[in-house]
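This is what each chain is made of:
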Amino acid sequence: MDEQVQIQVAGKLDSLSLISQFLVNNLQKFGMGDHDMFQTQIAVDEAITNIIEHGELAEQSKIVLKCKKEGDRVLIIIEDRGKPFDPTTLDEPDITAPLDERKTGGLGVYFIKKYMNQVKYDYMGGKNIFTMVKYL
Amino acid sequence: MDMEDTKAGKVCIIVLNGRLDAYSSNKLEEKVNSLIDNSCLEMVINFDGVDYISSSGLRVILSAVKQLRKNQGDVKLACLKPYVMEVFDISGFTQLFEIYPTEEEAVNSF
């Protein structure tokens with residue numbers, strides 16, 4: 001049976017631990033293993049951190065996180081009303097660059113692409129809608 | 001995230017406990033910068049209590065190593081758990097840092 005849960009959080013960095021707890025509780029119920037859960041937590045954390053740090057959210061604006069189990073896969077959908085931003089278009093960082101040339105940015109989206117099986121971005125009704133899929 | 005700092009000779013040791021996400025990474029950054037401002041050149045970060053790290057944590061450690069090596073210092077890492085090690089690995093960070101199985105080995109490597 002398909003199941004869906006969701007949480008709404010303030011656009012502040014201290015929401016991250018709340019989100020992590022929400023993910024652990026629900027992904028376990030969906031039957032996700034520890035390693036996949038660790039990777040999914042990182043991907044969600046990076047996506048939400050980007051929204052909080054770069055999305056220019058209005059003061060009271062909330063971020064909505066939905067987790068949905070569909071057969072043998074879990075969909076994670078993150079919605080926000082910050083400025084339109086498609087994370088899938090960012091260039092990958094050069095992870096082989098020597099220390100002097102290593103950049104500090106770009107790793108978050110790299111983790112998302114590395115750890116999730118599919119990612120998709122839409123902008124609809126004034127909302128960024130970022131969907132990530134992880135197969136169980 | 002709890003963090004404690006101690007010293008072994010000239011080496012500053014930071015022991016971390018908890019999740020290293022963007023929120024707690026800001027606290028770690030403050031701690032690292034205050035040690036560097038107080039002339040710490042040789043630093044060990046003990047990850048034994050860390051079961052989660054995001055790119056924000058990596059960013060703080062990268063910035064620390066750049067600052068310290070510029071002044072002939074270094075930051076060495078100890079006790080990384082398997083999933084955390086995987087994050088270092090896929091980011092190419094295992095090539096940039098000296099990583100030791102124990103805090104003692106990291107301290108003695110200076």
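Provided above is the structure to which this section pertains.
In this text the structure is predicted, and so the values were computed from the model without any measurement.

What counts and how
Residues numbered from 1 in each chain as written. Chains lettered and ligands numbered in written order. Predicted model: local features only at pLDDT ≥ 70, side-chain atom pairs only at ≥ 80, totals over all residues. Heavy atoms only, no water. Salt bridge = Lys/Arg side-chain N within 4 Å of Asp/Glu carboxyl O. Buried < 20%, exposed > 50% of the residue type's maximum accessible area, 1.4 Å probe, protein only. 1 Å grid on protein atoms, 1.4 Å probe; cavity = no way out; pocket = protein on both sides within 12 Å on 5 of 7 lines; lining within 4 Å. Points joined across faces, edges and corners; volume = space filled by probe spheres on them. Helix = DSSP H or I, 4+ residues; strand = E, 2+ residues; numbered from the N terminus. Core = buried A, V, L, I, M, F, W, Y, C linked by side-chain atoms within 4.5 Å. Contact = heavy atoms within 4.5 Å. Buried area = accessible area lost by both parts, 1.4 Å probe. Polar contact = N/O pair within 3.5 Å; in protein donor to acceptor, adjacent residues only side chain to side chain. Nonpolar A, V, L, I, M, F, W, Y, C, P; charged D, E, K, R; others polar.

K.L.:
Could you give an account of the pattern of salt bridges, naming the residues involved and the relevant values?
P.N.:
Residue and element names in this part refer to chain A. Per the stated rule, a full pass over the model turns up twelve salt bridges over all chains. The salt bridge involving Asp 122 is made with Lys 120; its shortest N-O contact spans 3.0 Å. Classification of Asp 122 by relative accessible area gives partly exposed; the value is 24%. Taking the relative accessible area as the measure of exposure, Lys 120 reaches 47% and is therefore partly exposed.

K.L.:
An account of empty space enclosed by the protein is requested, with residue identities and associated values reported.
P.N.:
A complete count under the given rule lists one cavity of 30 Å³ or more for this structure. Taken as a whole, the largest cavity spans an internal volume of roughly 40 Å³. In this structure, the largest cavity is lined by Leu 16, Ile 19, Ser 20, Leu 23, Gln 41 and Asp 45 of chain A together with Arg 19 and Tyr 52 of chain B. Elements that contribute at least two residues to the lining of the largest cavity include exactly helix H1 (16-29) and helix H2 (34-54) of chain A. The dominant element in the lining of the largest cavity, judged by the number of residues it contributes, is H1 of chain A, at four residues.

K.L.:
Before we move on, could you go through the nonpolar core and cite the residues and values that matter?
P.N.:
Inside soluble globular proteins, nonpolar side chains tend to come together where they are buried. Core analysis: the largest hydrophobic core is formed by 40 residues, its most contacted members being Phe 111 of chain A together with Leu 16, Met 43, Phe 47, Ile 53, Leu 77 and Phe 88 of chain B. Among the secondary structure elements, those contributing two or more residues to this core are H2 and helix H3 (107-115) of chain A together with strand E2 (11-20), helix H1 (22-37), strand E3 (42-53), helix H2 (55-70), strand E4 (74-78) and helix H3 (82-90) of chain B. If you tally residues by element for this core, the top one is H2 of chain B, at seven residues. The contacts of Met 43 of chain B, once residues within four sequence positions are left out, are Val 11, Cys 12, Ile 14, Val 32, Leu 35, Ile 36, Leu 68, Asp 74, Val 75, Lys 76 and Phe 110 of chain B. With 29 residues, the next largest nonpolar core counts Ile 7, Leu 13, Leu 16 and Leu 27 of chain A among its residues.

K.L.:
Let's hear about unusual backbone geometry: which residues, and what values?
P.N.:
As a rule of thumb, non-glycine residues mostly have phi less than zero, and peptide bonds are mostly trans rather than cis. Residues and elements named next belong to chain B. Notably, Ser 39 is not glycine yet its phi reads approximately 70 degrees, a positive angle. In this fold, Ser 39 is placed in the loop between H1 and E3. Positive phi, normally seen in glycine, also occurs at Gln 72, with a value near 65 degrees. Taking the relative accessible area as the measure of exposure, Gln 72 reaches 71% and is therefore exposed.

K.L.:
Hey, could you go over the interface of chain A and chain B for me, with residue numbers and the actual values?
P.N.:
Across the contact, 29 residues belong to chain A and 26 residues belong to chain B. Between chain A and chain B, the buried area comes to about 2,300 Å², and carbon and sulfur atoms account for 62% of it. Between chain A and chain B we count one salt bridge in total. The closest approach of N and O atoms between Asp 45 of chain A and Arg 19 of chain B, which form a salt bridge, is 3.3 Å. Inspection of the region where chain A meets chain B yields twelve residue pairs in polar contact (both at pLDDT 80 or more). When contributions to the side of chain A that touches chain B are tallied by element, the ones reaching two or more residues are H1, H2 and H3 of chain A. In terms of residues, the side of chain A that touches chain B owes the most to one element, H2 of chain A, which gives ten residues. Looking at side-chain class alone, the side of chain A that touches chain B contains twelve nonpolar, eight polar and nine charged residues.

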